[in-house]
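Overview (structure and organization)
Spelled out, the chains give:
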Amino acid sequence: MSKTKTKKAGAANYNRLSKLADEPVMSDKKLYLILCFAVPFLLMGFAFAFNGVFPFGEKQILVTDFWQQYFPFYTEVQDKLQTFQSMLYSWDTGMGSNFWALAAYYFASPMNLLLAIVPYELLREALTFFLLCRIGLAGLFCGVFLKGVFKRNDISLVFFGTMYALCAFTLGYYWNVMWFDTFALFPLVAYGTYSLVKYGRVRVYIIALAASLLFNYYIGFFTCIFTVIFFICLCILFKMPIKLILRRFGKIAVSSVIGVGISAIMLLPELLALSLSYSANNVWPSITKFRYEIPDLIGNFASMVTPNVKEGLPNINCSFVCVILAGVFLLSKKISLREKIVASCVMAFMLFSIDNRLFDFMWHGFHSTNMIPHRFSFIVSFVLVVAAYRAFTLLKDITPVEIIGMLTVASIVIICASIGQQSDTAVYTSVALTVLYVGIFFLLERKLITIKVAYILLGIVLLGEMISSVLLSVETVRVTQRTGYPDKRTEIRACVEDIKSKDKEAFYRMELTKFYTLNDPPLYQYPGVAQFSSTANVNVTNYVEGIGGIGWDAGNRYYYAESTPVTNAFLGIKYLIAKFEPLADTNNWKFFGKQKNMSYYRNNTYLSLGFMADSKLEYFKADKTNPFKSQQDLFVKSTGIKDDLYERIKVSSASHENLDVYYRGVDSNNSGIYGQYSYKPKDVNKDSKLSWNYTIPEDCSVYVYAKIDNSESISIFGGSKTTSQSYNIKRPYLLSAGTYKKGDNMNITSTVEKGKSGSADIYVCIFNQSVYNKGYKILKDELLNVTSIDSTNIKGDITVKQDGLMYTSIPYESGWSAYVDGEKAEITPIDNAMTGLKLSKGKHTVEFKYTPAGFNLGLTISISCTLLFALFCFVQWYLKKKGKTFGPIGKLPEVAGEFPDTDDSKSESVSLERSAKKK
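Residues numbered from 1 in each chain as written. Predicted model: local features only at pLDDT ≥ 70, side-chain atom pairs only at ≥ 80, totals over all residues. Heavy atoms only, no water.

Regarding its fold elements, the chain presents 28 helices and 31 strands. Radius of gyration (C-alpha) of the chain: 32 Å, near the 29 Å computed for a compact globule of 919 residues. Considering only C-alpha atoms, the chain reaches an extent of 100 × 70 × 55 Å along its principal axes. Among the 919 residues that make up the chain, the fraction classed as buried is 58%. Summarising the internal contacts of the chain: among those between residues at least 6 apart in sequence, 75% fall at separations of at least 24. (Helix = DSSP H or I, 4+ residues; strand = E, 2+ residues; numbered from the N terminus. Rg over C-alpha atoms; globule rule 2.2 N^0.38 Å. Buried < 20%, exposed > 50% of the residue type's maximum accessible area, 1.4 Å probe, protein only. Contact = heavy atoms within 4.5 Å.)

So this is what it looks like as structure tokens:
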């Protein structure tokens, strides 16, 4: 073939649909887009109402992390909005933490600004309504994508928009409410990419991309990856010449930089905050490791598959009609082989990414997720919805071969589901839907019904499938009781306010004797210790755990239950509220008041937010494997006193049930190592129990460290206790076992899982009060007097008697800057977790100021990129008004290939080569 013919043939492939953008061939009615929002909104709302969610009952959608993590943060956000506090930092989370980093992941949605006008009593309902709006917007934006790409505006937009909005990702993960703004925007970013590649238009792409990253960078990261994939696919489908590909690549690259730049105010501080979290320490999995058998994976496309809530198979199905229409997509002669190959490759790549551990790791930002796997699975549903819609547009001319294709694809999924992990309900429902959907298409192919009747029948069946799916979703995810959450909030808030009215010190912390959630301080609105978040500083977590608190680095959490005087002093805890039962250690706490039958106590040996310590404290390193030893080291390095803080109590007897228990090793005296045991059951079918008895040698406070395999709690009885008291040891800590008299007996019991063997570390120690009091006297002598404090500034004065290191219980991070007597001073990190400051002898004014690391630079970049984008839009508008173009950033020669050619009208445009010739 000659070069001339080749050029003519190539030109014929270009821009066959170019006029469609300028000459609409569809109805201008907005009704269908409105329905794209309304239908999924109402369907999910119906499922909530059916399950008794308020105001249709006394239930709420708060479950799992929404119950103990997200809602406490929203409580803090609402309080900050209503009291006009800074969003940069909060003293109510994790002893003080980067609140801007929390915002970037949990509550950057603009909808949350409305919480400022919502009463606290309706906060849960507002969050539920916002979630329904996001689900509705997902349907709307999917409808916008389908309408813009396929040039249709009919009821089919509602069908397929609803399928995306209520895909399995939504049904299983809707309790992760912070993800759904960006989930909703995903089709809009895809449409922006399409418009950019096909028409050279960038505004939709830049705005949607920037919004996606601003509202939730995490899901936005998935969007960015798919954008790269989609761009490559479109270039292939449109058969674009290399020169035009390069120009489009330049345009999308610049647009992406602007979009990312606009969101830099959230992205940059978040990136730096994440470098301090546990997620920064990840081991790359092997590319040869896979998660699932193929039948399990493919079978999850079946209908009525129980959605994965926390662990399990990926949430990838949307509606079984999409599976059925995949048969049409693959066999239709009106869809080019190129388009079939591209779509199939994208789907195969997405499924491979889900199954392969390395690719799944990379999709999640080079991070191994803690439960909730495959958080990008909604992309699979989106690809399937788009491919199915492509096939749906051709139903008017459906053929018998395509009917066979429908049955074939449906049969493959049903067979996989029947031999995989899917339930019988999923299999039988998929069979029934195959009969119904294919039956409708068969009648249409035989011309026994009109296309309008087919739409009505499809709508009825789809509505039934969607209603069944949302009801299954809410039943699986569950609802919780509204009236009992948060537990005893009125009483705790009364205690907090009473403490504040009595104690006018500028700053101090308080806590509950036992935790209710892992974020009690923001939930009940008091400055405390606990934090459970993806941005938790791993150094602080290890420090808290190392000095006797509760921590779990991989779980991104540290929190509090009544612990030792050393723990309380170095975490700055002044008050304890006894929510569940009386305080255990009456030697170190004094009754301070009572509100609504709930007592609270004041720490007898409280230190300030800051106090002077020995300079050797700079070299302290917490050892979370032995908190007793770690506290001793902390005490010595702070005070210089080397006397023992703790004395071990020997086991007087043991009364284990159905267990052989023995020491794991021997010490230098050839005796068993204290507190280190192994156990195994005598009869694997019987219940097993560990039990140790101790005789208390003197009047004292007793502290226990218990780490026991296959057990999450211990019970302690003895001393002044009239009943056995239970302690949660799922995460071990130095727990307060109470005060005892000389000669008292104490029993520690733990029930272990039936038939299991394991190890048990159990250390029981007397607290040497006189030694501690000596150290306390030294530390109390030079306290920081906090004179003023707000969200981002602390100011106080201190009189230093000799050069040393001022310890503060302010979690260390680079966002803090310190000033001594008006001059900037260098911060000395303590165990890279707490903030220290070297001070010379004399009286000093000390000030700490906080700005999240990267915030100022991110703000500068965001403002610059926003102004650049605004300037581009203005210039483009001005030149268009003058009848001119913007040059290389304006409209380039349009390109259209075989995807999607869904309208009978043909348009003509000048190809790149012809344009060159004319020039």
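Further remarks concern helix H15 (residues 337-355). Taking 1.5 Å per residue as the helical rise, H15 with its 19 residues ought to reach 27 Å, and the 27 Å between its terminal C-alpha atoms agrees with that figure. Of all the positions in H15, only Glu339, Lys340, Val342, Val346, Met347, Met350, Leu351, Ser353, Ile354 and Asp355 are classed as buried. Summarising the contacts, the buried residues of H15 are in contact with helix H10 (217-237), helix H13 (294-299), helix H14 (320-331), helix H16 (357-363) and helix H17 (378-392). (Expected span 1.5 Å × (residues − 1).)

Further remarks concern a negative patch on the surface. Negative charge collects at one region of the surface, where Asp643, Asp644, Glu647, Glu698 and Asp699 lie side by side. As for its position among the elements, Asp699 is in the loop between strand S17 (688-695) and strand S18 (700-708). (Patch = residues over 30% accessible without salt bridge, like charges linked within 9 Å, V, L, I, M, F, W, Y side chains within 5 Å. Areas by Shrake-Rupley, 256 points an atom, 1.4 Å probe, with all protein chains shown as cover. Salt bridge = Lys/Arg side-chain N within 4 Å of Asp/Glu carboxyl O. Lys, Arg positive; Asp, Glu negative; His and termini not counted. Charge placed at Lys NZ, Arg CZ, Asp CG, Glu CD.)

Attention now goes to helix H8 (residues 180-199). Over its 20 residues, H8 runs 29 Å from end to end, which matches the ideal 28 Å to within 8%, given 1.5 Å per residue. After H8 finishes, the residue Gly200 shows a positive phi value of roughly 80°.

The topology assignment puts Glu782 in the loop between helix H26 (769-780) and strand S24 (785-789). Lys801 is the oppositely charged side chain nearest to the buried, salt-bridge-free Glu782, at an N-O distance of 6.7 Å. A polar contact of 2.6 Å, which involves the side chain of Glu782, links it to the backbone nitrogen of Lys801. When sequence neighbours within four positions are dropped, the list of residues in contact with Glu782 reads Phe611, Met612, Ile798, Thr799, Val800, Lys801 and Gln802. (Polar contact = N/O pair within 3.5 Å; in protein donor to acceptor, adjacent residues only side chain to side chain.)

Attention now goes to the side chain of His844. Looking at the element boundaries, His844 is found in strand S31 (residues 842-850). Accessibility expressed as a relative area gives 8% for His844, which makes it buried. Polar contacts involving the side chain of His844 include one to the side chain of Asp821, which spans 2.9 Å. For His844, the contacting residues outside a window of four places in its chain are Gly796, Asp797, Ile798, Val800, Val820, Asp821 and Leu839.

In this section: the state of the cysteines. Throughout the structure, instances matching the rule amount to zero disulfides. Unpaired in terms of disulfides, Cys700 finds its nearest cysteine sulfur in Cys765, a separation of 10 Å. (Disulfide = S-S within 2.5 Å.)

Another aspect to go through is the environment of Lys579. Within the secondary structure layout, Lys579 lies in the loop between strand S9 (573-578) and strand S10 (589-595). Residue Lys579 is classed as buried on the basis of its relative accessible area of 5%. With 91 residues separating them in the primary sequence, Lys579 and Lys488 have C-alpha atoms 8.0 Å apart. The residues touching Lys579, leaving out its near neighbours within four places in the chain, are Asp487, Lys488, Ile492, Leu512, Thr513, Tyr516, Tyr524 and Met598.

By the element assignment, Ser353 lies in helix H15. On the accessibility criterion, Ser353 (0% relative accessible area) is buried. Contacts of Ser353, omitting those with residues within four sequence positions, involve Phe359, Asp360, Trp363 and Phe376.

Across the sheet, four strands lie side by side as S12-S26-S30-S29; this open sheet has antiparallel pairing. Across the chains shown, the open sheet's two edge strands, defined by having one partner strand only, are strand S12 (610-613) and strand S29 (827-830). Between one strand axis and the next, the sheet turns by 35° as a mean value, whatever way the strands run. (Pairing = 2+ DSSP bridges. Axes fitted to C-alpha atoms, helices over the stretch in contact; angles between N-to-C directions.)

Attention shifts here to empty space enclosed by the protein. Once rolled over the atoms, a probe with the size of a water molecule shows which space is left empty. Scanning all chains against the criterion turns up nine cavities of 30 Å³ or more. Surrounding the second largest cavity, 16 residues form its lining, Ser97, Asn98, Thr535, Asn537 and Glu813 being those nearest its centre. Elements that contribute at least two residues to the lining of the second largest cavity include exactly strand S3 (97-98) and helix H4 (99-106). Looking at the lining of the second largest cavity, its residues break down into nine nonpolar, six polar and one charged. (1 Å grid on protein atoms, 1.4 Å probe; cavity = no way out; pocket = protein on both sides within 12 Å on 5 of 7 lines; lining within 4 Å. Points joined across faces, edges and corners; volume = space filled by probe spheres on them. Nonpolar A, V, L, I, M, F, W, Y, C, P; charged D, E, K, R; others polar.)

Attention now goes to the confidence of the model for the chain. Chain-level statistics for the chain give a pLDDT mean of 91 and a share of 92% at 70 or above. pLDDT under 50 marks residues 1-26. Its contacts with residues more than four places away, or in other chains, come to 55 contacts. For the stretch residues 888-919, pLDDT sits under 50, and the model shows 91 contacts to residues farther than four places along the chain or on other chains. (pLDDT = per-residue confidence, 0-100.)

So, on to the packing of H8 against helix H11 (residues 242-262). Relative placement of two packed helices is described by the angle separating their axes and the distance separating the axes. Two elements in contact, H8 and H11, have axes separated by 9 Å at closest approach and are oriented at 145°. Considering only the axes of H8 and H11, their crossing is right-handed. The segment H8 lies against H11, with Thr193, Leu196, Val197, Lys198 and Tyr199 engaging Arg248, Lys251, Ile252 and Ser255. Classifying every residue of the contact of H8 with H11 gives four nonpolar, two polar and three charged. (Left-handed = near helix turned anticlockwise from the far one by under 90°.)

This part takes up a nonpolar patch on the surface. Nonpolar side chains collect at one region of the surface, where Leu868, Leu871, Phe874, Trp877 and Tyr878 lie side by side and expose about 540 Å² of accessible area between them. As for its position among the elements, Trp877 is in helix H27 (residues 855-881).

Per the counting criterion, the structure on display carries 88 aromatic pairs. When the ring of Phe169 is compared with that of Phe183, the centres are 5.3 Å apart and the planes differ by 25°; the resulting orientation is stacked. With Phe169 in helix H7 (residues 168-173) and Phe183 in helix H8, this pair connects stretches of sequence that are 14 residues apart. Summarising the burial analysis for this pair, Phe169 and Phe183 share the class buried. Relative to Tyr807, the ring of Phe611 lies with its centre 5.1 Å away and its plane at 35°, an arrangement referred to as tilted. Residue Phe611 is found in strand S12, and its partner Tyr807 is found in strand S26 (residues 804-811); the two are separated by 196 residues along the sequence. Classification of Phe611 as buried rests on a relative accessible area of 0%. (Phe/Tyr/Trp six-rings, centres within 6.5 Å; stacked < 30°, edge-to-face > 60°.)

This brings us to the nonpolar core. Within the largest apolar cluster, 200 residues are counted, with the highest numbers of intra-cluster contacts made by Phe160, Leu325 and Phe441. With 15 residues, helix H5 (residues 123-150) is the largest single contributor of residues to this core. Ignoring any residue separated from it by four or fewer positions in sequence, one finds Phe160 in contact with Cys142, Leu146, Cys322, Leu325, Val385, Ala388, Tyr389 and Phe392. Formed by 80 residues, the second largest nonpolar core is a distinct cluster that contains Val544, Ala613, Tyr807 and Ala833. (Core = buried A, V, L, I, M, F, W, Y, C linked by side-chain atoms within 4.5 Å.)

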